[in-house]
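As a plain string of letters, each chain reads:
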2 protein chains.
Amino acid sequence: MESCTILPFSRSLSLLSRRPDRHEARPASSLFKRRSSHPARIRCHKMYVPGFGEASPEKKAANHLHKFFTYIAVRIVSAQLETYNREAYEELAEFLSRHSLNDGDKFCADLMRESSRHQSLALRILEVRSAYCKQDFEWDNLRRVASKVMDEANTRLMREYVLETSHAETERGK
Amino acid sequence: MESCTILPFSRSLSLLSRRPDRHEARPASSLFKRRSSHPARIRCHKMYVPGFGEASPEKKAANHLHKFFTYIAVRIVSAQLETYNREAYEELAEFLSRHSLNDGDKFCADLMRESSRHQSLALRILEVRSAYCKQDFEWDNLRRVASKVMDEANTRLMREYVLETSHAETERGK
């Protein structure tokens, strides 16, 4: 439980002119216990995430990824068609110009109902997005990359702030 | 490799009035090989995903999740503050009303520069989003939920289409 408050960039914090004082949010460990007024989360060893109602953060992220996979599948199918079936490729491109991909499921539903040829394309997109999600997408890599992106962003934000506030010209060369 | 084309809902396809014909995109396996004009992907056993330039789909998804984790961290810190530090809670809420959380990094950078008290809040948010990403977020669960969301969406889309086109009233009862 304690490990939640020991963070990889805590050393970098010492670069800053002052340590976070009492005004900051207390370490999450002190608030790990679930408040009785919130019925959702039972896992007491994790930080309480408010306001997600029925859906967990994982479900919310999965819904976002679902749209992303549809977008990827459309690109995959489009690239496949481009090489050997120009007619279908252009039909898909034309349909794409008229319909938003923001809601992937609605896009597929509309594509299915456009014509019998479009229906085949829609079925293919459903197949490809499922195969991509379950076989091709590198989930372990996603976790690694997300962790790396986090470290880099935190380090960059703090470095920029230190450089800006200290005006330490000597630091700029690093 | 062949498994990419054998999909869990292939049985459901037989419900439809016709099978996808030659007009559809060919099974991805026939296009697995990397085209020489695209220098990015080396893994030949996967579907070719075009148009991501330097960034892989995993990197793109990680960048989205990075923003999502910042959003979550702000909610966590805000909920923590609400219980024991109303002043800081209101300051954060006031800052939130003036700044968008769409770009999490920019939000944190601006928060750092607002005042020394806001700086402490920003550092806390950086800590929490890193801890959330590395410890609390359930990556395995994300994968499971994403797969489930995909299956349910594909089944639903096809069921709705079949019901709509066949006008099979008897099916509606199921």
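Residues numbered from 1 in each chain as written. Chains lettered and ligands numbered in written order. Predicted model: local features only at pLDDT ≥ 70, side-chain atom pairs only at ≥ 80, totals over all residues. Heavy atoms only, no water.

Turning our eyes to something else, we now look at the overall build of chain A. When helices and strands are counted, chain A shows seven helices and zero strands. Listed N to C, the secondary structure of chain A is α-α-α-α-α-α-α in terms of helices and strands. Put simply, chain A has 174 residues, and 49% of those count as buried. In chain A, of all internal contacts separated by at least 6 residues, the share reaching a separation of at least 24 is 45%. Accessible surface for chain A amounts to roughly 9000 Å². Of this, 50% is attributable to carbon and sulfur atoms. (Helix = DSSP H or I, 4+ residues; strand = E, 2+ residues; numbered from the N terminus. Buried < 20%, exposed > 50% of the residue type's maximum accessible area, 1.4 Å probe, protein only. Contact = heavy atoms within 4.5 Å. Areas by Shrake-Rupley, 256 points an atom, 1.4 Å probe, with all protein chains shown as cover.)

A few words now on the packing of helix α3 (residues 86-98) of chain A against helix α5 (residues 116-136) of chain A. All names here are of chain A. One way to put it is that α3 packs onto α5 with a least axis distance of 11 Å and a crossing angle of 85 degrees. Here α3 lies roughly perpendicular to α5, going by the angle between them. Mapping the contact onto sequence places Glu87, Ala88, Glu91, Leu92 and Phe95 in α3 and Arg117, His118, Leu121 and Ile125 in α5. Its residues assigned to classes, the contact of α3 with α5 shows five nonpolar, one polar and three charged. (Axes fitted to C-alpha atoms, helices over the stretch in contact; angles between N-to-C directions. Parallel < 35°, antiparallel > 145°, perpendicular 65-115°, else oblique. Nonpolar A, V, L, I, M, F, W, Y, C, P; charged D, E, K, R; others polar.)

This paragraph deals with the packing of aromatic side chains. Residue and element names in this part refer to chain A. Applying the stated rule across the entire model yields 16 aromatic pairs over all chains. Ring plane angle 65 degrees and centroid distance 5.8 Å describe the contact between phenylalanine 69 and tyrosine 132, whose orientation is recorded as edge-to-face. Here the residue phenylalanine 69 occupies a position in helix α2 (residues 57-84), and tyrosine 132 occupies one in helix α5, the gap between them amounting to 63 residues. Just as phenylalanine 69 is buried, tyrosine 132 falls in that class too. Summarising the aromatic geometry, the rings of phenylalanine 69 and phenylalanine 137 are spaced 5.0 Å apart at their centres and angled 70 degrees between planes, so their arrangement reads as edge-to-face. Pair noted here: phenylalanine 69 is in helix α2 and phenylalanine 137 is in the loop between α5 and α6 (139-166), with a separation of 68 residues, a long-range link. For the pair shown, phenylalanine 69 and phenylalanine 137 are each scored as buried. Taken together, the ring pairs in this structure connect Phe68, Phe69, Tyr71, Tyr132, Phe137 and Trp139 into an aromatic cluster. (Phe/Tyr/Trp six-rings, centres within 6.5 Å; stacked < 30°, edge-to-face > 60°.)

To continue, consider the packing of α2 of chain A against helix α6 (residues 139-166) of chain B. Their axes nearest at 8 Å, the elements α2 of chain A and α6 of chain B cross at an angle of 55 degrees. Taken together, the axes of α2 of chain A and α6 of chain B lie oblique to each other. In this structure, α2 of chain A meets α6 of chain B at a crossing whose hand is right-handed. In this structure, α2 of chain A contributes Glu58, Lys59, Ala61, Ala62, Asn63, Leu65, His66 and Phe69 of chain A to the contact, and α6 of chain B contributes Asn141, Leu142, Val145, Ala146, Val149, Met150 and Ala153 of chain B. (Left-handed = near helix turned anticlockwise from the far one by under 90°.)

So, on to the environment of leucine 65 of chain A. With respect to the helices, strands and loops of the structure, leucine 65 of chain A is situated in helix α2. The class of leucine 65 of chain A is buried, set by a relative accessible area of 4%. Considered as a pair, leucine 65 of chain A and leucine 163 of chain A are 98 residues apart in the sequence and their alpha carbons are 36 Å apart. If sequence neighbours within four positions are ignored, leucine 65 of chain A has contacts with Trp139 of chain A together with Ala61 and Leu142 of chain B.

This brings us to the pattern of salt bridges. Applying the stated criterion across every chain, the model contains 26 salt bridges over all chains. Across the pair glutamate 138 of chain A and lysine 46 of chain B runs a salt bridge whose closest N-O atoms are separated by 3.3 Å. Separated into two different chains, glutamate 138 of chain A in the loop between α5 and α6 and lysine 46 of chain B in the loop between α1 (10-13) and α2 (57-84) make up a pair that spans both. Residue glutamate 138 of chain A shares its accessibility class with lysine 46 of chain B, and that shared class is buried. The partner of arginine 129 of chain B in a salt bridge is aspartate 105 of chain B, with the nearest N and O atoms 2.9 Å apart. Of the two residues, arginine 129 of chain B is situated in helix α5 (residues 116-136) and aspartate 105 of chain B in helix α4 (residues 104-114); the sequence distance between them amounts to 24 residues. (Salt bridge = Lys/Arg side-chain N within 4 Å of Asp/Glu carboxyl O.)

For the rest of this paragraph, the subject is the confidence of the model for chain A. Residue and element names in this part refer to chain A. When pLDDT is averaged along chain A, the result is 77, and 68% of the positions lie at 70 or above. Across residues 1-37, confidence stays below pLDDT 50; counting only partners more than four residues off in sequence or on other chains, it has 76 contacts. For this predicted complex, the interface confidence score (ipTM) comes to 0.70, while the overall pTM stands at 0.71. (pLDDT = per-residue confidence, 0-100.)

Turning our attention to the state of the cysteines. Residues and elements named next belong to chain B. Considering all chains together, one arrives at zero disulfides over all chains under this definition. Left unpaired, cysteine 108 is separated from the closest cysteine sulfur, that of cysteine 133, by 14 Å. Judged by relative accessible area, cysteine 108 falls into the buried class, the value being 0%. (Disulfide = S-S within 2.5 Å.)

This part takes up α6 of chain B. Over its 28 residues, α6 of chain B runs 40 Å from end to end, which matches the ideal 40 Å to within 8%, given 1.5 Å per residue. Just downstream of α6 of chain B lies histidine 167 of chain B, where phi reads positive at about 50 degrees. (Expected span 1.5 Å × (residues − 1).)

What follows concerns helix α4 (residues 104-112) of chain A. α4 of chain A sits mainly inside the fold: seven of its nine residues count as buried. Along α4 of chain A, the positions that sit buried rather than exposed are Gly104, Asp105, Phe107, Cys108, Ala109, Leu111 and Met112 of chain A. At its buried positions, α4 of chain A is contacted by α2, α3 and α5 of chain A together with α6 of chain B. Sitting at the amino-terminal end of α4 of chain A is aspartate 103 of chain A, which places a side-chain oxygen 3.3 Å from the backbone nitrogen of aspartate 105 of chain A. (Polar contact = N/O pair within 3.5 Å; in protein donor to acceptor, adjacent residues only side chain to side chain.)

Turning to the side chain of histidine 118 of chain B, a few remarks are in order. Residues and elements named next belong to chain B. As for its position among the elements, histidine 118 is in helix α5. Side-chain polar atoms of histidine 118 contact the side chain of serine 115, separated by 2.7 Å. Setting aside its immediate chain neighbours within four residues, histidine 118 contacts Glu91, Phe95 and Leu111.

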